[in-house]
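Chain and residue survey
One-letter residues, chain by chain:
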Amino acid sequence: MNIARRPRVGHIAFLNCLPIYWGLARTGALLDVDLHRAPPDELSRRLVAGDLDIGPITLVEYLRHADDLLLIPDPAVAADGPVLSVNLVSKAPLDAIPAEPRVALASTSRTGVLLGRMLLEDRYGRKPAYTVTAPDLDSALRDADAAVLIGDEALQVFHDPAGHHVLDLAAEWKDWTGLPMVFAVWAVRRDYAEAHPGLVKDVHLAFRDSVQRSREEIDEVVASAARWEPFPPAALAEYFERLQFGLSERHLAGLREFASRASRYADIDPLRADGPEFFAALGEAREP
């Protein structure tokens, strides 16, 4: 990666991405990229605008801009069942909330928000009135019956609901469709990939090796996180075990199903039959 400008790479500022970046510091690969740390919606905006070359993008924004982007096979942020940190939090059980509930979208992820809408409207027949609030529980539920929360705040509420009712949206998606839920993918701008395929390949391999190393050193990852996070080691170990960081064929099936359903809610075209399109350096075959 010895060029005048290192690849500008995004980093989601949530606990769930610690295993993705753990090995970059351990191997020294972190020195080879210009890392930008921000919430998911901000990183998505920067990648689409061309202010980043490679990085995570919430699935909804990837689907909106798929023509300009190529997916990197891994990493990703996904779950095949409960994820613990993408939740609908309500003051009453789901079957007791109003038919037209007030729902706060207290989330920095458009994918988590859209998933909550799909489940509330399509699966549970509610007709919510939505408001956008700050991504914390107190602000969200001040004037609402329920709220969509993601990330560290959602994980905190999962472990300490304080009388609230918590519905894991990834578990609900799995129960509804039988498929994993993909929340974020890693992508490269198509123009950057065409100009610098070798650099993109290096970044991809660095992330792949980082995730593998975190799995091998998971006790150290948990111990490191436990020093700074308000969660006991056992809770962190469970969380990291549930998270999935690659795109298998099952994950791709879940991604395509989400894309198909999302097109009814947002300005998103269903993926082509052969989609999504992946980066492949020098004609190499994709290996999810």
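All figures in this text were calculated on a predicted structure; none of them were measured in a lab.

**What to know about the confidence of the model for the protein**
Model confidence for the protein is summarised by a mean pLDDT of 90, while 95% of its residues fall at 70 or above. The least confident element of the protein, judged by mean pLDDT, is helix α1 (residues 18–27) at 87; the most confident is helix α7 (residues 169–177) at 98.

**Considerations on the packing of α1 against helix α9 (residues 197–216)**
The N-to-C vectors of α1 and α9 enclose an angle of 100°; their axes lie 7 Å apart at closest approach. In terms of their interaxial angle, α1 and α9 are classed as roughly perpendicular. Listed contacts from α9 to Pro19, Ile20, Tyr21, Trp22, Gly23, Leu24, Arg26 and Thr27 of α1 are Ala206, Phe207, Ser210, Val211, Arg213 and Ser214. Considered class by class, the residues forming the contact of α1 with α9 number eight nonpolar, four polar and two charged.

**Focus on the packing of aromatic side chains**
Per the counting criterion, the structure on display carries four aromatic pairs. Pairwise contacts between aromatic rings join Trp173, Trp176 and Phe258 into one cluster. One residue, Arg261, lies across the ring of Trp176, its end atom 4.3 Å from the ring centre.

**Quick word on a negative patch on the surface**
A surface patch of like charges, here negative, comprises Asp67, Asp68, Asp267 and Asp269. Considering the arrangement of structural elements, one finds Asp267 in the segment after α12 (249–262).

**Quick word on α7**
Three or more residues of α7 are buried, namely Leu169, Ala170, Glu172 and Trp173. Across the axial projection of α7, the buried residues extend over an arc of 160°, all falling on one side. Near the N-terminus of α7, the side chain that reaches the backbone nitrogen of Ala170, with its oxygen 3.0 Å away, is that of Asp168.

**Topic: the packing of helix α4 (residues 110–123) against α12**
Between α4 and α12, the shortest axis-to-axis distance is 11 Å and the interhelical angle comes to 70°. Viewed along their axes, α4 and α12 adopt a mutual orientation that is roughly perpendicular. When the axes of α4 and α12 are compared, the crossing they make is left-handed. Contact with α4, carried on its side by Thr111, Leu114, Leu115 and Met118, involves Phe258, Arg261 and Ala262 of α12 and no other residues of that element. Within the contact of α4 with α12, the residues separate by chemical class into five nonpolar, one polar and one charged.

**Thoughts on the pattern of salt bridges**
Close approach of charged atoms allows side chains with opposite charge to pair. Scanning all chains against the criterion turns up 21 salt bridges. Between Glu217 and Arg26 there is a salt bridge; the shortest N-O distance is 3.1 Å. Of the two residues, Glu217 is situated in the loop between α9 and α10 (218–228) and Arg26 in helix α1; the sequence distance between them amounts to 191 residues. We classify Arg26 as partly exposed; its relative accessible area is 38%. The shortest N-O distance in the salt bridge between Glu257 and Arg261 comes to 2.6 Å. Of this pair, Glu257 and Arg261 both sit in helix α12, four residues apart, roughly one helical turn.

**Structural notes on unusual backbone geometry**
For residues besides glycine, phi is generally negative; the peptide bonds are generally trans as well. Of the consecutive residues Asp74 and Pro75, the connecting peptide bond is found in the cis state with omega at 10°. A cis geometry characterises the amide bond from Gly275 onward to Pro276, with omega recorded as 0°. Secondary-structure assignment places Pro276 in the segment after α12. Notably, Leu84 is not glycine yet its phi reads approximately 80°, a positive angle. Within the element layout of this structure, Leu84 appears in the loop between β4 (69–79) and β5 (86–90). Positive phi is not limited to glycine here, since Ala162 has a value of about 50°.

**Some remarks on the pairing of strand β1 (residues 8–12)**
Strand residues, when the strand is regular, have side chains that alternate between the two faces of the sheet. Among the five residues of β1, five are classified as buried, and the element is accordingly described as predominantly covered. Of the strand pairs in this sheet, β1 and strand β2 (residues 34–38) are connected by five bridges, and their pairing is parallel. Opposite Arg8, over in β2, you have Asp34 as the bridge partner. In terms of handedness, the path from β1 via α1 over to β2 forms a crossover that is right-handed.

What counts, and at which threshold
Residues numbered from 1 in each chain as written. Predicted model: local features only at pLDDT ≥ 70, side-chain atom pairs only at ≥ 80, totals over all residues. Heavy atoms only, no water. pLDDT = per-residue confidence, 0-100. Helix = DSSP H or I, 4+ residues; strand = E, 2+ residues; numbered from the N terminus. Axes fitted to C-alpha atoms, helices over the stretch in contact; angles between N-to-C directions. Parallel < 35°, antiparallel > 145°, perpendicular 65-115°, else oblique. Contact = heavy atoms within 4.5 Å. Nonpolar A, V, L, I, M, F, W, Y, C, P; charged D, E, K, R; others polar. Phe/Tyr/Trp six-rings, centres within 6.5 Å; stacked < 30°, edge-to-face > 60°. Lys NZ or Arg CZ within 6 Å of the ring centre and 35° of its normal. Patch = residues over 30% accessible without salt bridge, like charges linked within 9 Å, V, L, I, M, F, W, Y side chains within 5 Å. Areas by Shrake-Rupley, 256 points an atom, 1.4 Å probe, with all protein chains shown as cover. Salt bridge = Lys/Arg side-chain N within 4 Å of Asp/Glu carboxyl O. Lys, Arg positive; Asp, Glu negative; His and termini not counted. Charge placed at Lys NZ, Arg CZ, Asp CG, Glu CD. Buried < 20%, exposed > 50% of the residue type's maximum accessible area, 1.4 Å probe, protein only. Arc of directions from axis to C-beta. Polar contact = N/O pair within 3.5 Å; in protein donor to acceptor, adjacent residues only side chain to side chain. Left-handed = near helix turned anticlockwise from the far one by under 90°. Pairing = 2+ DSSP bridges. Right-handed = clockwise from strand over helix to strand, strands pointing away.

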